[in-house]
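# Per-entry structural report
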Amino acid sequence: MTTDVQTKPVVPYVQVLDEQGNVVDSDRMPKLSDEELRTLMYRMVFTRIWDQRAVRLTRQGRLGFYAPVSGQEASMIGSEFATRKEDFILPGYRDMPQLVWHGWPLYKAFLYSRGHIEGGRIPEDVNILMPQIIIGAQIVQCAGVALAFKLKGEKRVAIAYTGDGGTSQGDFYEGLNFAGAFHAPAVFVVQNNQFAISVPVELQTAAKTLAQKAVAAGIPGIQVDGMDVLAVYSVMKEAVERAREGGGPTLIECVTFRYGPHTMSGDDPTRYRSKEVENEWERKDPLIRFRTFLERKGLWSQGDEERTIEEAKEAVNEALKQADAAPKMTIPELIDVMFKDLPAHLVRQRAEFAEEG
Amino acid sequence: MAQMTMIQAITNALDLELARDERVLVFGEDVGHNGGVFRATEGLQKKYGPNRVFDTPLAESGICGLATGLAVQGFRPVAEIQFFGFVFEAMDEIASQAARMRYRSGGRYHCPIVYRSPFGGGVKTPELHADSLEGLFVQTPGVKVVIPSNPYDAKGLLISAIRDDDPVIFLEHMKLYRSFRQEVPEEPYTVPIGKAAVAREGKDLTVIAYGAMVRTALQAAEEWAKTRGVQAEVIDLRTINPIDIETIVESIKKTHRAVIVQEAQRSSGVAAEVIAQINENAIYYLEGPVLRITPPDTVYPFALIEDEWLPTPERVLRGFEKALSL
Ligand SMILES: Cc1ncc(C[n+]2csc(CCOP(=O)(O)OP(=O)(O)O)c2C)c(N)n1
């Protein structure tokens, strides 16, 4: 007799709107006001425009490091919209939209992109960390932020974002396991955009879903249509509120796609994915389906669309102006932020570099 | 002979060694189908198949642990760490595992692994990519650390590293990848590990450098000769663990003065080790203190200011002058 080994996916999959904008799961339809629904659409259109501008600005050398987000708006904006301002976000490098909609000024995002220290100076009342470059580090830190909320008795939630590739890091498993072991208020969001640079998710793992990685950590795992903003919001809201009420962490996998290159630093997607695959995903576009849904309800018009586009362009221009006005960094200033009290050798080095001017 | 960039020389070396020895495996993040984010492994998967050149899941500790496991089973892994800034993720697998395998097993096992990785600043990478972390491995017994400064050496040193029976960390400066070409023979050849090169002869000052700073030092030396008529001798370390102190001592016997130009932060790194060894081996030939021309002891800086933080040609020349005057 052989032992029955479980290989089937063990997680639920949630979709509220199908690709044509029809409601396919009314039980899962989140309770959002008309105004909130419009806000979701506004943010997705705004973000698409900002992304397109950022891609162009990077090509022109006016921004530095940039990882495009088009295609992932529903995952990014739907999940952030389910958080409260006091909740704390630990992002990856691609997660600029969540940070900006959580309160990070857009011009700071641009300064971060350029490689200016002002980007990382997060305003006191904004609950985020800087974009994480070291893939996986934010997941373990998220367990720590969540434990802090639990120890302090604060009803706040820590949220970490990573990609499909990020789920292969040891830190990913450690973070889930720690948060589970401490029953800490954390939500881990994996945006499975199918590729880690050029590596398809099938080469990343033998697991059928990324959400099922929650099983080994003993926490709930759920997969959601990451092109469906209502599904993402619904699943995220449930996880965030469960964590807030002491119900422990959740892992959410958003199944999505990035339309653009990995980053603007030389990646060429035609080397590793076909036009057919790209087209297939573009048919699932999060903006198109949600717009259709809202238009049918009379909640979104051509005029709304145009006004949003104008406002986004205006905001980007304004943020660029502000970013351009940031003072030039100096080496002595950077030495100053190394420690609270500068050790003697750095005092000497500071003087040496200050003298150079 | 062909004109090759450093990246082409590296691809060429990998190609030749994959062909020569079927125990050689090449793997890492994006190195298979995509040929690496810098294209160092371009075309190799096609030529040698996905059993020998392959993509791994995204995990540096996994990549380096995989290499150790393969090595004790007789393979000769060439593992890529996509950017050396991520080496901390793999520190245990390199420094406490592979580096100690021969010693801990009393010679029963060994790890003929090459860890290839782009490193170094001046190319406007995002944060945490450009650090010069080589100093960590100068203090790690059981590994060798090789840093070529030009295409010819890159090929010869990489072939030596792959044929070496112990772990070698092979660091490729990002700024040198495509910045210039050099005559590189098509056939395999080796450049010995542990041997420095005199990149420019001179009698007045010994300048010790490695990686991209060799170019900076050479340019400064030419400028100095032109404007001041002073002749610097530039030594390219090529291997920083172990350090070829003989070549340095020979030079100091002639010049009696030395400076080190280093891209890594000042304290406790390669420059400090070079000075310690000069102190032990050449102090009676010296007429002045050995100086370090380096960035300050801060975190690697933000992209907008990295060019000012790294040793600039002016700072290097000022350092030369100071060394001569003391
Ligand atoms: C520890 C670490 N290893 C490698 C990298 C280089 N790198 C940057 S992004 C990336 C792929 C990440 O893919 P995924 O997690 O799926 O997220 P996505 O970029 O698709 O949003 C890699 C390998 C890194 N930044 N950090």
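Residues numbered from 1 in each chain as written. Chains lettered and ligands numbered in written order. Predicted model: local features only at pLDDT ≥ 70, side-chain atom pairs only at ≥ 80, totals over all residues. Heavy atoms only, no water.

### Points about the overall build of chain A
Helix and strand content of chain A: 14 helices and eight strands. In terms of C-alpha radius of gyration, chain A reaches 21 Å, essentially the compact-globule figure of 21 Å for 357 residues. Taken along its principal axes, the extent of the C-alpha atoms in chain A is 75 × 55 × 45 Å. For chain A, the proportion of its 357 residues judged to be buried stands at 59%. The long-range fraction of contacts in chain A, counting pairs at least 24 apart against all pairs at least 6 apart in sequence, stands at 76%. Carbon and sulfur atoms make up 52% of the accessible area of chain A, which amounts to about 15,200 Å² in all. Both charge centroids of chain A, one from 42 positive and one from 50 negative side chains, sit 1 Å from each other. (Helix = DSSP H or I, 4+ residues; strand = E, 2+ residues; numbered from the N terminus. Rg over C-alpha atoms; globule rule 2.2 N^0.38 Å. Buried < 20%, exposed > 50% of the residue type's maximum accessible area, 1.4 Å probe, protein only. Contact = heavy atoms within 4.5 Å. Areas by Shrake-Rupley, 256 points an atom, 1.4 Å probe, with all protein chains shown as cover. Lys, Arg positive; Asp, Glu negative; His and termini not counted. Charge placed at Lys NZ, Arg CZ, Asp CG, Glu CD.)

### What to know about the domain arrangement of chain A
The assigned domain composition of chain A is domain 1 (13-326) and domain 2 (330-357). Averaged C-alpha coordinates put domain 1 of chain A and domain 2 of chain A at centres separated by 38 Å. (Domains from an automatic or database assignment.)

### With respect to the pattern of salt bridges
If you walk through the whole model with that rule in mind, you get 50 salt bridges over all chains. A single salt-bridge network, built from bridges that share partners, covers Arg84, Glu86, Asp87, Lys237, Glu241 and Arg244 of chain A. (Salt bridge = Lys/Arg side-chain N within 4 Å of Asp/Glu carboxyl O.)

### Details of the packing of aromatic side chains
Residues and elements named next belong to chain A. Summed over the entire model, instances satisfying the criterion amount to 19 aromatic pairs over all chains. For the pair Phe290 and Phe293, a centre-to-centre distance of 5.9 Å together with 15° between the ring planes defines the contact as stacked. Residue Phe290 and its partner Phe293 are both found in helix H11 (residues 286-296); the two are separated by three residues, about one turn of the helix. The same class applies to Phe290 and to Phe293, which are both buried. (Phe/Tyr/Trp six-rings, centres within 6.5 Å; stacked < 30°, edge-to-face > 60°.)

### Concerning helix H1 (residues 6-20) of chain B
Residue and element names in this part refer to chain B. With 15 residues, H1 should reach 21 Å at 1.5 Å per residue; the first-to-last C-alpha distance of 21 Å fits that figure. Counted residue by residue, H1 has 11 buried out of 15 residues, so it is predominantly covered. Those residues of H1 that sit buried are Met6, Ile7, Ala9, Ile10, Thr11, Asn12, Ala13, Leu14, Asp15, Glu17 and Leu18. (Expected span 1.5 Å × (residues − 1).)

### Brief notes about the sheet that holds strand E9 (residues 197-200) of chain B
Residue and element names in this part refer to chain B. Within the open sheet, the five strands sit side by side as E9-E11-E10-E13-E14. Their pairing is mixed. Of all the strands in the sheet, the pair left with one neighbour each is E9 and strand E14 (291-293). Averaged over all neighbouring strand pairs, the angle between strand axes comes to 30°, with direction disregarded. Here strand E13 (residues 258-261) runs beside E14; their pairing, made up of three bridges, is parallel. The residue bridging Val259 from the neighbouring strand is Leu291, located in E14. (Pairing = 2+ DSSP bridges. Axes fitted to C-alpha atoms, helices over the stretch in contact; angles between N-to-C directions.)

### Points about the site of the ligand
Near the ligand lie 20 residues; those nearest to it are Tyr93, Arg94, Ile133 and Gly165 of chain A together with Glu60 of chain B. Around the ligand, the nearby residues trace back to chains A and B. The contact in question runs from an oxygen atom of the ligand to an N or O atom on the side chain of Tyr93 of chain A, over 2.6 Å. The separation between an oxygen atom of the ligand and a polar side-chain atom of Asp164 of chain A is 3.0 Å. Here the ligand, which alone exposes 580 Å², has 95% of that area covered by the protein. Class assignment of the residues belonging to the shell around the ligand gives a composition of nine nonpolar, seven polar and four charged. (Near = heavy atom within 4 Å. Polar contact = N/O pair within 3.5 Å; in protein donor to acceptor, adjacent residues only side chain to side chain. Nonpolar A, V, L, I, M, F, W, Y, C, P; charged D, E, K, R; others polar.)

### Points about the side chain of Glu93 of chain B
Here Glu93 of chain B lies in helix H4 (residues 91-104). Buried within the structure, Glu93 of chain B lacks any salt-bridge partner; Arg104 of chain B is the closest side chain of opposite charge, at an N-O distance of 9.0 Å.

### Some thoughts on the interface of chain A and chain B
Counting from both sides, the interface comprises 38 residues of chain A and, opposite them, 37 residues of chain B. Taken together, the two surfaces of chain A and chain B that pack against each other cover about 3,100 Å², and 59% of this comes from carbon and sulfur. Summed over the shared surface of chain A and chain B, the number is five salt bridges. Here Glu356 of chain A makes a salt bridge to Arg318 of chain B, at a shortest N to O gap of 3.0 Å. For the interface between chain A and chain B, the tally reads 13 residue pairs in polar contact (both at pLDDT 80 or more). (Buried area = accessible area lost by both parts, 1.4 Å probe.)

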